[in-house]
Amino acid sequence: QAKDAGRDTHRFYNPAMQAAMEQRAALEDGLRRALAQDELRVHYQPQVDEHGVLMGAEALLRWQPPDRPMVSPGAFIPVAEATGLIVPIGHWVLDTVCARLSEWARHPTLGRLQVAVNISARQFRQPDFVDQVRETIGRHGIDATRLKFELTESVVLDDVDQVIHTMGALKALGLAFSIDDFGTGYSSLAYLKRLPLDQLKIDQGFVFGIPDDADDCAIARAVIALGHSLRLQVIAEGVETPAQRAFLARHGCLAYQGYLFGAPGPAEALEALAYAG
Ligand code: C2E
Ligand code: MG
Ligand code: MG
Ligand code: MG
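Residues numbered from 1 in each chain as written. Chains lettered and ligands numbered in written order. Predicted model: local features only at pLDDT ≥ 70, side-chain atom pairs only at ≥ 80, totals over all residues. Heavy atoms only, no water.

Enquirer: Even after reading the chapter, I still don't get helix H8 (residues 160-173), so can you show me in this structure?
Expert: The α-helix winds at 3.6 residues per turn, so residues separated by three or four positions along the chain end up facing the same way. Its 14 residues give H8 an end-to-end C-alpha distance of 20 Å, which sits within 8% of 20 Å, the value for a rise of 1.5 Å per residue. Taken residue by residue, H8 has Val160, Val163, Thr166, Met167 and Leu170 as its buried positions. Here the buried residues of H8 occupy an arc of 130° about the axis, which is enough to place them on one side. Along H8, the residues that are exposed and aim more than 90 degrees away from the buried face are Asp161, His165 and Ala172. For H8, the secondary structure elements touched by its buried residues are helix H5 (121-124), helix H6 (129-140), strand E4 (147-151), helix H7 (153-157), strand E5 (176-182) and helix H9 (189-194). One or two steps after H8, the chain reaches glycine 174, where phi turns positive at roughly 115°. (Helix = DSSP H or I, 4+ residues; strand = E, 2+ residues; numbered from the N terminus. Expected span 1.5 Å × (residues − 1). Buried < 20%, exposed > 50% of the residue type's maximum accessible area, 1.4 Å probe, protein only. Arc of directions from axis to C-beta. Contact = heavy atoms within 4.5 Å.)

Right, dumping it as structure tokens:
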């Protein structure tokens, strides 16, 4: 064994650790191939207003390998972030969404939708991020107000002055901002107040316990009140039941996303929904 280790310094003696490393390396190879060979897809999940009217969608990344089941982003986004692959992948997502928005631009219903794109901390921190966004929007000739970026609290925690500067430059282009998974991170309320946000998204973890779990109900109400006091739109994700929707509506949350209104699906599914509505 010592001889093996001498030949291959990447080898670990702990078999579980070794297996985890190999799995990660395989995932990384797979992701590179996915990007190069067009195995990534963008799905869209409807977002509706208090009347259930479609107002937009969240773009959610999917990886469909040719002869294996679809891989969910929870399994590969962390590896993409750790390896830096999230930067070209994130750029691909934005490009794909902008191409779709340009296709939808002249349609009476689809042209009014706003699409939310998840931006990872590493992608947001790239020095040329604003330039890339400007270039992509310009190349597709789309109206930037059709785009919203979802940032998690981990982005915001980075370097607040820099984050505010980058957000300001993007807002000047016309983009909107939402803070995703709100309540699961550690962002201080003092920082939150300084960010040019438009929307606050209640994490599905709190929505899940509504209406039976008293703590989740209390947290959801507090988040809604906080959002409104900062003059932000409040949207809830992971809304699955009419009881959840009713509770949220009663406490002033008037925008929803979740299986109750539609699962993430290909662009064609959202188009069908828009034509129906
Ligand atoms: P997220 O941004 O918080 O997205 C919401 C997740 O909840 C999605 O999981 C969605 O499919 C799922 N969901 C939607 N409605 C319901 C519901 O009613 N009940 C339940 N239980 N779940 C629901 P998904 O698509 O697996 O994405 C997971 C996470 O991966 C996202 O969480 C986001 O953080 C990340 N992600 C997805 N696409 C991208 C991307 O293009 N770039 C980056 N950086 N991250 C992405
Ligand atoms: Mg999101
Ligand atoms: Mg979320
Ligand atoms: Mg979430």
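After presenting the structure, the write-up continues.
Enquirer: Got a minute to help me understand the coordination of the magnesium ion (ligand 2) in this structure?
Expert: Six octahedral donors at a metal ideally form angles of 90 or 180 degrees, and four tetrahedral donors ideally form angles of 109.5 degrees. Coordination sphere of the magnesium ion (ligand 2), protein contribution only: Glu58 (OE), Asn118 (OD1), Glu150 (OE) and Asp180 (OD), at 2.0 to 2.2 Å. Considered as a linear motif, the donors of the magnesium ion (ligand 2) on their single chain read E-x59-N-x31-E-x29-D. The metal-metal distance between the magnesium ion (ligand 2) and the magnesium ion (ligand 3) comes to 3.6 Å, with aspartate 180 coordinating both. Here aspartate 180 lies in strand E5 and asparagine 118 lies in strand E3 (residues 114-118), a separation of 62 residues in the sequence. (Donors = N, O, S within 2.8 Å, 3.2 Å for Na, K, Ca; no water.)

Enquirer: Looking at this structure, I do not really get the site of ligand 1. What am I missing?
Expert: Around ligand 1 there are 22 residues in total, and Gln45, Arg62, Gln204, Glu240 and Tyr259 lie nearest to it. Measuring from an oxygen atom of ligand 1, one finds a backbone N or O atom of tyrosine 259 at 2.8 Å. For ligand 1, whose unbound accessible area comes to 810 Å², protein coverage reaches 82%. Among the cavities detected, the one that contains ligand 1 is the largest pocket. Those elements giving two or more residues to the shell around ligand 1 turn out to be strand E2 (54-63), helix H3 (73-83), helix H4 (86-104) and E5. Broken down by element, the shell around ligand 1 gets its largest block of residues, four residues, from E2. Residue classes in the shell around ligand 1 are distributed as nine nonpolar, six polar and seven charged. (Near = heavy atom within 4 Å. Polar contact = N/O pair within 3.5 Å; in protein donor to acceptor, adjacent residues only side chain to side chain. Areas by Shrake-Rupley, 256 points an atom, 1.4 Å probe, with all protein chains shown as cover. 1 Å grid on protein atoms, 1.4 Å probe; cavity = no way out; pocket = protein on both sides within 12 Å on 5 of 7 lines; lining within 4 Å. Sits in = over half its atoms within 2 Å of the grid points. Nonpolar A, V, L, I, M, F, W, Y, C, P; charged D, E, K, R; others polar.)

Enquirer: Help me understand the layout of surface pockets, please; the structure alone is not making it clear to me.
Expert: In this approach the atoms are scanned with a rolling probe the size of a water molecule, which exposes any empty space left behind. Volume-wise, the largest pocket comes out at about 960 Å³. Among the elements of the structure, E2, H3, H4, H5, E4, E5 and helix H10 (204-208) are those that each provide at least two residues to the lining of the largest pocket. Of all the elements, E2 adds the most residues to the lining of the largest pocket, at five residues. Partitioned by chemical class, the residues of the lining of the largest pocket number 14 nonpolar, eleven polar and nine charged. (Points joined across faces, edges and corners; volume = space filled by probe spheres on them.)

Enquirer: Is there a simple way to think about unusual backbone geometry in this case?
Expert: With the exception of glycine, most residues fall at negative phi, and the peptide bonds are largely trans. Of the consecutive residues isoleucine 210 and proline 211, the connecting peptide bond is found in the cis state with omega at 5°. Along the chain, proline 211 falls in the loop between H10 and helix H11 (214-229). Backbone geometry places aspartate 181, a non-glycine residue, at a positive phi of 55°. Take aspartate 181: it is sitting in strand E5. A residue is classified by how much of its surface remains accessible, and aspartate 181, at 23% relative accessible area, is partly exposed. Here the phi dihedral of arginine 231 falls at roughly 60°; this positive angle occurs in a residue that is not glycine. Inspection of the secondary structure puts arginine 231 in the loop between H11 and strand E7 (233-236).

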